[in-house]
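# A structural walkthrough
Take a look at the letters that make up each chain.
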Amino acid sequence: MKIDLTDTTSSKINAALMAARRASGSTAAGMVLTLVIVTDEGSAYDALKAANDASREHPMRTLAVIKRAGRSPRARAETRLDAEILVGSDAGSGETVILRMHGELVAHAQSVVLPLLLPDAPVVVWWPDNAPLHPAQDPLGSIAQRRISDAVTAESPVGQLAQRAESYTPGDTDLAWTRITGWRSMLAAALDQRPSTIISAAVEGESYNPSVELLGLWLHSRLHVPVERVVTGGPGITAVHLRTKDGDITLDRPDGLMGTLSMPGSPDRQVALKRRETSELIAEELRRLDPDDIYAAAVRTPVDRLREPAPHAETAAAVSETAAAGTDAGEDAAGEDAAAEDGAAAKGPKKTAGKRTTRKSDS
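Everything numeric in this text was worked out from a predicted model, so none of it was measured.

### Some details on the overall build of the chain
On a plain count of helices and strands, the chain comes out with 12 helices and 14 strands. Relative to its full complement of 363 residues, the chain shows a buried share of 45%. Put simply, 69% of the contacts in the chain that link residues at least 6 apart link residues at least 24 apart. Only carbon and sulfur atoms are counted for the fraction: they give 52% of the accessible area of the chain, which is about 18400 Å².

### Here we look at the sheet that holds strand β11 (residues 237-244)
Sheet architecture is open: 6 strands sit in the order β10-β9-β11-β12-β13-β14, paired in mixed fashion. Each edge of the open sheet carries a strand with a single partner, namely β10 (227-232) and β14 (269-272). Each strand of the sheet is rotated relative to its neighbour by a mean of 20°, with strand direction disregarded. For strand β9 (residues 200-206) and β11, the ladder comprises 6 bridges, and the chain directions are antiparallel.

### So, helix α8 (residues 210-223)
Along its 14 residues, α8 runs 20 Å from first to last C-alpha, staying within 8% of the 20 Å computed at 1.5 Å per residue. Of all 14 residues in α8, 12 are buried; the element is thus mostly enclosed. All of the buried residues in α8 are P210, S211, V212, E213, L214, L215, G216, L217, W218, L219, H220 and S221.

### Thoughts on the pattern of salt bridges
The full count for this structure, using the stated rule, is 18 salt bridges. Here K2 ties to E84 by a salt bridge, and the two come within 3.4 Å at their closest N and O atoms. Here K2, found in strand β1 (residues 2-5), pairs with E84, found in strand β4 (residues 80-87); they are 82 residues apart in sequence, far enough to count as distant. When its relative accessible area of 14% is taken as the criterion, E84 is described as buried. Close ionic contact of E228 with R243 constitutes a salt bridge, the shortest N to O distance being 3.9 Å. With E228 in strand β10 and R243 in strand β11, the pair connects residues that are 15 residues apart, well separated along the chain. Note on E228: relative accessible area 17%, which makes it buried. Linked by salt bridges that have partners in common, K2, E41, R68, E84 and R100 make up one network.

Cut-offs applied
- Residues numbered from 1 in each chain as written.
- Predicted model: local features only at pLDDT ≥ 70, side-chain atom pairs only at ≥ 80, totals over all residues.
- Heavy atoms only, no water.
- Helix = DSSP H or I, 4+ residues; strand = E, 2+ residues; numbered from the N terminus.
- Buried < 20%, exposed > 50% of the residue type's maximum accessible area, 1.4 Å probe, protein only.
- Contact = heavy atoms within 4.5 Å.
- Areas by Shrake-Rupley, 256 points an atom, 1.4 Å probe, with all protein chains shown as cover.
- Pairing = 2+ DSSP bridges.
- Axes fitted to C-alpha atoms, helices over the stretch in contact; angles between N-to-C directions.
- Expected span 1.5 Å × (residues − 1).
- Salt bridge = Lys/Arg side-chain N within 4 Å of Asp/Glu carboxyl O.

Here it is, written out as structure tokens:
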């Protein structure tokens, strides 16, 4: 069922929701939380599809807030609220309300959302893109128990991690962290199966991927060992190496589908590490509404703690050292040859030739 309301109010939207619920034969809400999606027209379709798929695991009321400030002064001066209500199969296992706010109402979105929240139910706010610098201080973020952002959509995804660390408030999380749940689970299970002392670690993955950085920061914060960051062509994370005295524990996933777990003294095993859809990531985040302390410790670890291999720098250093050594050796040899020539002038040409041959064979 789909209901369109133009130039409406929150009370009229609530009344339409009640009428739609009664028309479908259900008088009780039966939903466990309210998910508020703050997005734009370009990202609304994908975000709503992911939320509807996740609602089959978590029946919820989804409120999509689309802010349309207007381009012209006249459009910005017009304050209007348009709503689109989806109930039944069109909204997954819950209710969906798309709120399009025009004009000055854009700056007061919380005043529209508050009357539409489910009573006595948790509130989760999700920014699919363009998350605020301080989610907990945002007017909509301040009413939520959980705040979900996605660093991969930022202009500088890795730099966004520093901002998330600076503004972290209990209840914040990021889908870049959710994407590495499978990797963290497999690595923890491998160490449980074969307890070892980790000397160092290396994380391989595509450049500018915040999930790769977060996985390295998590390993550094939990194992307290140096972690090396290796850039590859992807997709996503491609491999993790945990170095021990007995050999490397390696989790390799070159194709983004299946991974191979290798441990010293054990046969290689195939593990499922498929890259997940956004709906699966949102469903996972909605399973827990308490603060994620492990994420907080990882994101607060500075990114510069990860060491990057610099083969070109090492090669240049080696070449410069070799050149310096060669220069010193050449100067010594030149000095010795000069001395030999001086001695040869006094002792004769035969010994001079012999001394030169000996010098050349030593160098």
